[in-house]
Amino acid sequence: MAVTPQDLKNVQKYTSYDEFSKDVRTDVVKHMNRAAELEMSWSQYCNFVCPEILIREKRNIMNKFAQDEGLFTRSSPLSKASMTTEFLEDPFRIALLQDILHNAYYNKRTAITMEADDAVGSPTLPFGEAQPAPVPGGLRMNPGELVASSTETGQDNYRPFKWAYDQTADSDEEKDGKRSLKRFNVAPGATIPASTLTQTKGQIQMEKWGNRFVLPYEVLTGTGTRVDKVAAMVRLEGLTEESRLFGELVDILENGDNTNGSKATVHKNTDFDGTADSFSVSALLAFLDEAFPAPFNATHVLFNKQEFRQFRNAVLALTGTNALENLNAVGLGPTFENAEGTTGIRYGRTPGDELDAKHILALDRRAAVEYVQRSGMAIRAQADNIANESREMVISDTYLWAKLAFEAVQVLDVEN
């Protein structure tokens, strides 16, 4: 069952950090299982039940735990990172290590230029928690900057939340394709008739998505292994997974999830004054300018390798004084250092051949897709390992992609 507001209200809260610290050290497995029941990560749970450190000192309670234990998660001119074996001395420290490695695995999925470390170096931002920071051109995109929102659920089946509009209207033209509620013109003082918002039907199965890997005791206790080295290697696995996630996300954006109507609309090149089977910068610019219905607009453009090469060659071949103006008109022009207030479309190629041949995909990242994670599973598995004294670090990732506003993704077919 999903967590209810009453469940959260009934959770025991601690007004004193010292009281909570003593309690959690006495039975860390109990608290980890409570976190799983509440569909929270270990950091989320501890900051939730004892918010004193987060509110008073503006830092993650895990930072305080590590400080009290005399543990350091990275080397600096002032300290050496603690040995991994130091984190395996008791269940409470093992829980700290699990949180460090879990956050290291997810850290880079938020945005390519955003890294957030607490005072002792533990990454604190999971996937999608913050908006991407501005990035210069030429850097590769990652999944995080394409995602509108991140959701956690305790269910294996997920029903994407999309509005279904009651489109009672006076004409067929007004009924067709509108995303907004019906507006009424009434006399002053009169009651405005109601329009109804309901949730569209559709369900996505969670089980087919996910991965899990285990760090055995022998790896964690290798000679001279410090926690920052293990975290760096786990982070590398997270980056490797990020590349696969990117390709998977592109496929969802183009071909949709399993809800009706979620496949992206495909436009013909010839609809924008282009010619069949021929890449055209002018057709691409017209597509970006015209294909999105209000209130959407392109924030990102994705090319496969072949089309990206053609795009670069075509841009290099542009001549005349209007070349930059035409590119800037839709946000594809170059940006310059210290040019405050300038914005543009982020563009780049996909990791592999995820896009159909001859397709160029544009999306409005504010409303295109959400990342839905099955919460509680990783921490429950780790709690079981601690209870069984297996001393294995389990990092699991069960999730799905759900498209939001289908109009926020548009595709240009340069072959037709």
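Structure: see above.
Cut-offs applied
- Residues numbered from 1 in each chain as written.
- Predicted model: local features only at pLDDT ≥ 70, side-chain atom pairs only at ≥ 80, totals over all residues.
- Heavy atoms only, no water.
- Buried < 20%, exposed > 50% of the residue type's maximum accessible area, 1.4 Å probe, protein only.
- Helix = DSSP H or I, 4+ residues; strand = E, 2+ residues; numbered from the N terminus.
- Pairing = 2+ DSSP bridges.
- Contact = heavy atoms within 4.5 Å.
- Core = buried A, V, L, I, M, F, W, Y, C linked by side-chain atoms within 4.5 Å.
- Axes fitted to C-alpha atoms, helices over the stretch in contact; angles between N-to-C directions.
- Patch = residues over 30% accessible without salt bridge, like charges linked within 9 Å, V, L, I, M, F, W, Y side chains within 5 Å.
- Areas by Shrake-Rupley, 256 points an atom, 1.4 Å probe, with all protein chains shown as cover.
- Salt bridge = Lys/Arg side-chain N within 4 Å of Asp/Glu carboxyl O.

Chemist: Would you mind showing me how to read the pairing of strand 8 (residues 300-303) here?
Modeler: Regular strands place side chains that alternate from one sheet face to the opposite one. Here strand 8 shows two buried faces, one formed by His300 and Leu302 and the other by Val301 and Phe303. Where strand 8 meets strand 9 (residues 346-349), four bridges bridge the pair, whose relative direction is parallel. Note that in strand 9 the partner of His300 across the bridge is Arg346. Note that strand 8 and strand 10 (residues 359-363) share four bridges and pair antiparallel. Following the sheet pairing, Val301 is matched in strand 10 by Ala362.

Chemist: Quick question: what am I supposed to make of unusual backbone geometry here?
Modeler: Trans peptide bonds make up the majority, and among non-glycine residues the majority have a negative phi. For the bond from Ala294 to Pro295, the omega torsion is 10 degrees, close enough to zero to count as cis. Considering the arrangement of structural elements, one finds Pro295 in the loop between helix 11 (281-290) and strand 8. We note that Glu39 has phi near 60 degrees; this positive angle belongs to a residue other than glycine. Topologically, Glu39 is positioned in the loop between helix 3 (28-37) and helix 4 (42-49). For Glu39, a relative accessible area of 15% corresponds to the buried category. Positive phi is not limited to glycine here, since Lys358 has a value of about 70 degrees.

Chemist: What exactly am I supposed to notice about the environment of Lys358 here?
Modeler: Along the chain, the position of Lys358 falls in the loop between strand 9 and strand 10. On the accessibility criterion, Lys358 (17% relative accessible area) is buried. For the pair Lys358 and Phe279, spaced 79 residues apart in the sequence, the C-alpha separation amounts to 8.7 Å. What Lys358 contacts, discounting residues up to four positions off in sequence, is Asp277, Asn304, Gln306, Glu307, Gln310, Leu412, Asp413, Val414 and Glu415.

Chemist: Quick question: what am I supposed to make of the nonpolar core here?
Modeler: Buried together is how nonpolar side chains tend to be arranged in soluble globular proteins. By size, the foremost hydrophobic cluster in this structure holds 92 residues, and its most contacted members are Trp42 and Phe65. Beyond its immediate stretch of four places on either side in the chain, Trp42 contacts Val24, Val28, His31, Met32, Ala35, Met62, Ala95, Gln98, Asp99 and Ile379.

Chemist: Help me understand the sheet that holds strand 7 (residues 265-268), please; the structure alone is not making it clear to me.
Modeler: Consider a sheet: its strands pair through backbone hydrogen bonds, and that pairing is either parallel or antiparallel. Strand order in the open sheet formed by five strands is 7-14-10-8-9, and the pairing between neighbours is mixed. Each edge of the sheet is formed by a strand with only one pairing partner; in this case those strands are strand 7 and strand 9. Adjacent strand axes in the sheet meet at a mean angle of 20 degrees, parallel and antiparallel pairs treated alike. In the packing of helix 10 (residues 227-255) onto the sheet, contacts are made with strand 8, strand 9, strand 10 and strand 14 (409-413), and the angle to strand 10 comes to roughly 90 degrees.

Chemist: What should I look at first to understand a nonpolar patch on the surface in this one?
Modeler: Taken together, the side chains of Phe184, Val186 and Ile192 present a nonpolar region at the surface, about 240 Å² in accessible area. Turning to its location among the elements, Ile192 is positioned in the loop between helix 8 (172-175) and strand 4 (197-199). Its relative accessible area of 57% is what places Ile192 among the exposed residues.

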